[in-house]
Amino acid sequence: METELNWKQDVEVNPQALDVEWVKQAALFGRYCEAQAQARSALDLAKERLDVKVAGLGLKIRANPAMFGLDKVTESSVQSVILLDAECAK
């Protein structure tokens, strides 16, 4: 992003120059919309990466449950091991 967003500064309004403040609103709205779109994109990418890690770990658990301390493979036990796995927390 070209400029850093400073919301505390952006919400300050000079009551003596309301005409100038009003003109700035369109640009501020555009900047924050762009920041939101970038944040959503980053969130979606992170979710996709997590889904891939979870799926891979689930396959490993089902292929070798004893390695993960499981006697019996159930969906609940697989999900519990995934939640406790440090790799998915990264």
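As the structure is a computational prediction, the values presented were derived from the model and not from experiment.

(A) Up close: the overall build of the protein chain. When helices and strands are counted, the protein chain shows four helices and zero strands. Reading the protein chain from its N end, one meets helices and strands in the order α-α-α-α. Taken over the C-alpha atoms alone, the protein chain extends approximately 75 × 20 × 20 Å along its principal axes. In the protein chain, which comprises 90 residues, the share counted as buried stands at 17%. Of the contacts made within the protein chain by residues no fewer than 6 positions apart, 50% connect residues no fewer than 24 positions apart. As presented, the protein chain carries roughly 7,400 Å² of accessible surface, and 59% of it is formed by carbon and sulfur atoms. Of the side chains in the protein chain, 11 bear a positive and 14 a negative charge, and the two mean positions are spaced by 8 Å.

(B) View of the pattern of salt bridges. According to the stated counting rule, one finds three salt bridges in the structure shown. Of the charged contacts, one joins Arg31 and Asp10 as a salt bridge, the two residues approaching to 3.7 Å between their closest N and O atoms. With Arg31 in helix α2 (residues 18–63) and Asp10 in helix α1 (residues 7–10), the pair connects residues that are 21 residues apart, well separated along the chain. Relative accessible area serves as the criterion here: at 27%, Arg31 is assigned to the partly exposed category. Judged by its relative accessible area of 19%, Asp10 falls in the buried class.

(C) Structural view of α2. Along its 46 residues, α2 runs 66 Å from first to last C-alpha, staying within 8% of the 68 Å computed at 1.5 Å per residue. Roughly 30 degrees is the biggest bend found in α2, and it falls at Gln25. Turning to α2, its buried residues are Glu21, Leu28, Ala35, Leu57, Gly58 and Ile61.

(D) Seen up close, helix α3 (residues 75–84). Where α3 is concerned, the buried positions are Ser77, Val78, Val81 and Ile82. Burial along α3 is one-sided: seen end-on, the buried residues are contained in an arc of 140 degrees. Looking at α3, the residues exposed on the side facing more than 90 degrees away from the buried face are Ser76, Leu83 and Leu84.

(E) Examining the packing of α2 against α3 more closely. In contact at an axis separation of 10 Å, α2 and α3 are set at 125 degrees when each is read in the N-to-C sense. Judged by the inter-axis angle, α2 sits oblique to α3. Of the two elements, α2 crosses α3, and the hand of that crossing is right-handed. Of α3, the residues touching α2 (which contributes Val54, Leu57, Gly58, Ile61 and Arg62) are Glu75, Val78, Val81 and Ile82. Within the contact of α2 with α3, the residues separate by chemical class into six nonpolar, one polar and two charged.

Reading the values: rules and limits
Residues numbered from 1 in each chain as written. Predicted model: local features only at pLDDT ≥ 70, side-chain atom pairs only at ≥ 80, totals over all residues. Heavy atoms only, no water. Helix = DSSP H or I, 4+ residues; strand = E, 2+ residues; numbered from the N terminus. Buried < 20%, exposed > 50% of the residue type's maximum accessible area, 1.4 Å probe, protein only. Contact = heavy atoms within 4.5 Å. Areas by Shrake-Rupley, 256 points an atom, 1.4 Å probe, with all protein chains shown as cover. Lys, Arg positive; Asp, Glu negative; His and termini not counted. Charge placed at Lys NZ, Arg CZ, Asp CG, Glu CD. Salt bridge = Lys/Arg side-chain N within 4 Å of Asp/Glu carboxyl O. Expected span 1.5 Å × (residues − 1). Bend = angle between axes of the 7 residues up to and from the residue. Arc of directions from axis to C-beta. Axes fitted to C-alpha atoms, helices over the stretch in contact; angles between N-to-C directions. Parallel < 35°, antiparallel > 145°, perpendicular 65-115°, else oblique. Left-handed = near helix turned anticlockwise from the far one by under 90°. Nonpolar A, V, L, I, M, F, W, Y, C, P; charged D, E, K, R; others polar.

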